[in-house]
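Fold and contact review
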Amino acid sequence: MTVAFDPAEKFQAYAHPERLVSTAWLEEHLGAPGLIVVESDEDVLLYETGHIPGAVKVDWHTELNDPVVRDYVDGAGFARLMSAKGISRDTTVVIYGDRSNWWASYALWVFTLFGHADVRLLDGGRDRWVAEGRPLTTDAPAPAAVDYPVVERDDRGVRAFKEDVLAHFGKPLIDVRSLEEYTGERTHMPSYPQEGALRGGHIPTAASVPWSRAANDDGTFRSADELSAIYRDEADIDDSDDVVTYCRIGERSSHTWFVLAHLLGVPRVRNYDGSWTEWGSAVRVPIAVGAEPGAAPGR
Amino acid sequence: MTDLPAPLAEIRDDFLSFSEKDRLQLLLEFSNELPALPERYREHPELLERVEECQSPVYLFVEVSPEGRVDVHATAPAEAPTTRGFASILAQGLSGLDAAAVLAVPDDFPLQLGLTTAVSPLRLNGMSGMLWRIKRQVGEKSAA
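Residues numbered from 1 in each chain as written. Chains lettered and ligands numbered in written order. Predicted model: local features only at pLDDT ≥ 70, side-chain atom pairs only at ≥ 80, totals over all residues. Heavy atoms only, no water.

Examining the packing of helix H2 (residues 20–33) of chain B against helix H4 (residues 81–94) of chain B
What describes two packed helices is the angle between their axes and the distance between those same axes. Residues and elements named next belong to chain B. At a minimum axis distance of 7 Å, the contact between H2 and H4 shows a crossing angle of 75°. On the basis of their axis angle, the class for H2 and H4 is roughly perpendicular. Judged by residue contacts, Leu27, Leu28, Phe30, Ser31 and Glu33 of H2 engage Pro81, Thr82, Arg84, Gly85, Phe86, Ser88, Ile89 and Gln92 from H4. When the residues that make up the contact of H2 with H4 are grouped by side-chain class, the tally is 6 nonpolar, 5 polar and 2 charged. (Axes fitted to C-alpha atoms, helices over the stretch in contact; angles between N-to-C directions. Helix = DSSP H or I, 4+ residues; strand = E, 2+ residues; numbered from the N terminus. Parallel < 35°, antiparallel > 145°, perpendicular 65-115°, else oblique. Contact = heavy atoms within 4.5 Å. Nonpolar A, V, L, I, M, F, W, Y, C, P; charged D, E, K, R; others polar.)

Shown next, in the form of structure tokens:
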């Protein structure tokens, strides 16, 4: 069973309007059969202070990551997680979160690795829902466990590894971090904890398009025309391109991945989740510093 | 494990006596208990020090009385309950101690609360940053 799409006019200009729902649509559809709402935040306690009625929490650190290896859970782990949250393979999942949906985008991207078909984002995320005075509750839902099949994770479609990036020179790379991180002045976001990259700078040839350019001040996505001007006209991405996005640990670049893949409809976009915390510490990989993208290294 | 001042030891033991899930609940209680800033600081934001290690705007201010008694004040937004919880633990656990006792608190205190799995070491960096800044302010203000 699939829940009807949000017909909001803003979304119709996007390549895949079915990937977004508005706050008004969601409030109207809360409790609809076949719909599960998921909150995924940077702050591990935010859900507990109040969440959308009926929403379940998925934590990126404790639930989507493998506890030992730097990787995501496997097919069995994902099936267990989905089952515990009351999500079946044909459930419509709407994800929302704090910080303009960074972590929500990241969770959506992980759901995509397992081929979950109907997964959408709440445009504007948690902040917009709260700002509009929509209902919140601290009552934790207790979903009945459901069956979710064990589907092996398929990393080929939307995930890039370091080796893929090394073979990618000549095709578009987008660095979505702040300009200070791109130039190499810092290795982490202003006011964010240091996450331990040993070198500063960017992957040679990467264009700098900070993730936040895709978002309005209220956390909603910019219009299709505005996004097209930023990514097609300025960053020179065309619809036949094979694009890789990266940031520091892969969360902000999931936001840009979502924009390119679902809102602009670029057919091949991969997120390099190793991102700068891997690249900036790897031995003998090429690095460019300063504001210029730099030349592709000879091979 | 280095000896902790009694109030911090009590907080640590409370956390460790719970399951990991309940430790988060306790952190949420601390978050809710973070006292509002005293009036004199609300009017003087320039007195507050930004904790750069935290992703959220967290500010703190330390007072040391002529007798060497420490008071820690902190503020963090409601949208950052984890950070508020960390600030509240330190404000409650350190206020009232004398300067020497604060300076002797081991830098790895944040890692002793049994939260590394549930909260992630990364998020705990913010608390380490607060502790480090508090100790630095105490050092500066008690030397003066």
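Focus: the pattern of salt bridges
Per the counting criterion, the structure on display carries 29 salt bridges over all chains. Where salt bridges share partners, they join A:Glu27, A:Arg128, A:Glu132, A:Arg134 and A:Asp218 into one cluster. (Salt bridge = Lys/Arg side-chain N within 4 Å of Asp/Glu carboxyl O.)

A closer look at the pairing of strand E2 (residues 59–64) of chain B
Residues and elements named next belong to chain B. With 2 bridges joining them, strand E1 (residues 49–50) and E2 adopt antiparallel strand pairing. Within E2, the position partnered with glutamate 49 by the bridge is leucine 60. Both E2 and strand E3 (residues 70–75) contribute to a ladder of 6 bridges, which runs antiparallel. Each bridged residue has a counterpart across the sheet, and for valine 62 the counterpart in E3 is valine 72. The hairpin formed by E2 and E3 contains 5 residues between the paired strands, and glycine 68 there has a positive phi angle of roughly 90°. (Pairing = 2+ DSSP bridges.)

What about the environment of A:Leu81?
All names here are of chain A. Summarising the element assignment, leucine 81 is placed in helix H4 (residues 75–85). For the pair formed by leucine 81 and leucine 64, sequence separation is 17 residues and the distance between their alpha carbons is 8.6 Å. What leucine 81 contacts, discounting residues up to four positions off in sequence, is Val58, Glu63 and Leu64.

Things to note about the sheet that holds strand E7 (residues 173–175) of chain A
Residues and elements named next belong to chain A. Taken in spatial order, the 5 strands of this open sheet run E6-E10-E9-E7-E8, and their pairing is parallel. Across the chains shown, the open sheet's two edge strands, defined by having one partner strand only, are strand E6 (159–160) and strand E8 (207–208). The pairing of E7 with strand E9 (residues 242–246) spans 3 bridges and is parallel. Following the sheet pairing, leucine 173 is matched in E9 by valine 244.

Comments concerning the sheet that holds strand E3 (residues 56–57) of chain A
What links the strands of a sheet is backbone hydrogen bonding, and the strands pair in either a parallel or an antiparallel sense. All names here are of chain A. A sheet is described by the order of its strands in space; here 5 strands give the open sequence E1-E5-E4-E2-E3, paired in parallel fashion. The open sheet has two edge strands, strand E1 (20–21) and E3, and neither has a second partner. Here strand E4 (residues 92–96) runs beside strand E5 (residues 119–122); their pairing, made up of 3 bridges, is parallel. Of the residues in E5, the one forming a bridge with valine 94 is arginine 120.

Concerning the side chain of A:Asn65
Residues and elements named next belong to chain A. Turning to its location among the elements, asparagine 65 is positioned in the loop between helix H3 (60–64) and H4. Classification of asparagine 65 by relative accessible area gives buried; the value is 17%. In terms of polar contacts, asparagine 65 uses its side chain to reach the backbone carbonyl oxygen of tryptophan 60, at 3.2 Å. In this view, asparagine 65 contacts Trp60, Asp71, Tyr72, Val73 and Tyr106; residues no more than four positions away in its chain are not counted. (Buried < 20%, exposed > 50% of the residue type's maximum accessible area, 1.4 Å probe, protein only. Polar contact = N/O pair within 3.5 Å; in protein donor to acceptor, adjacent residues only side chain to side chain.)

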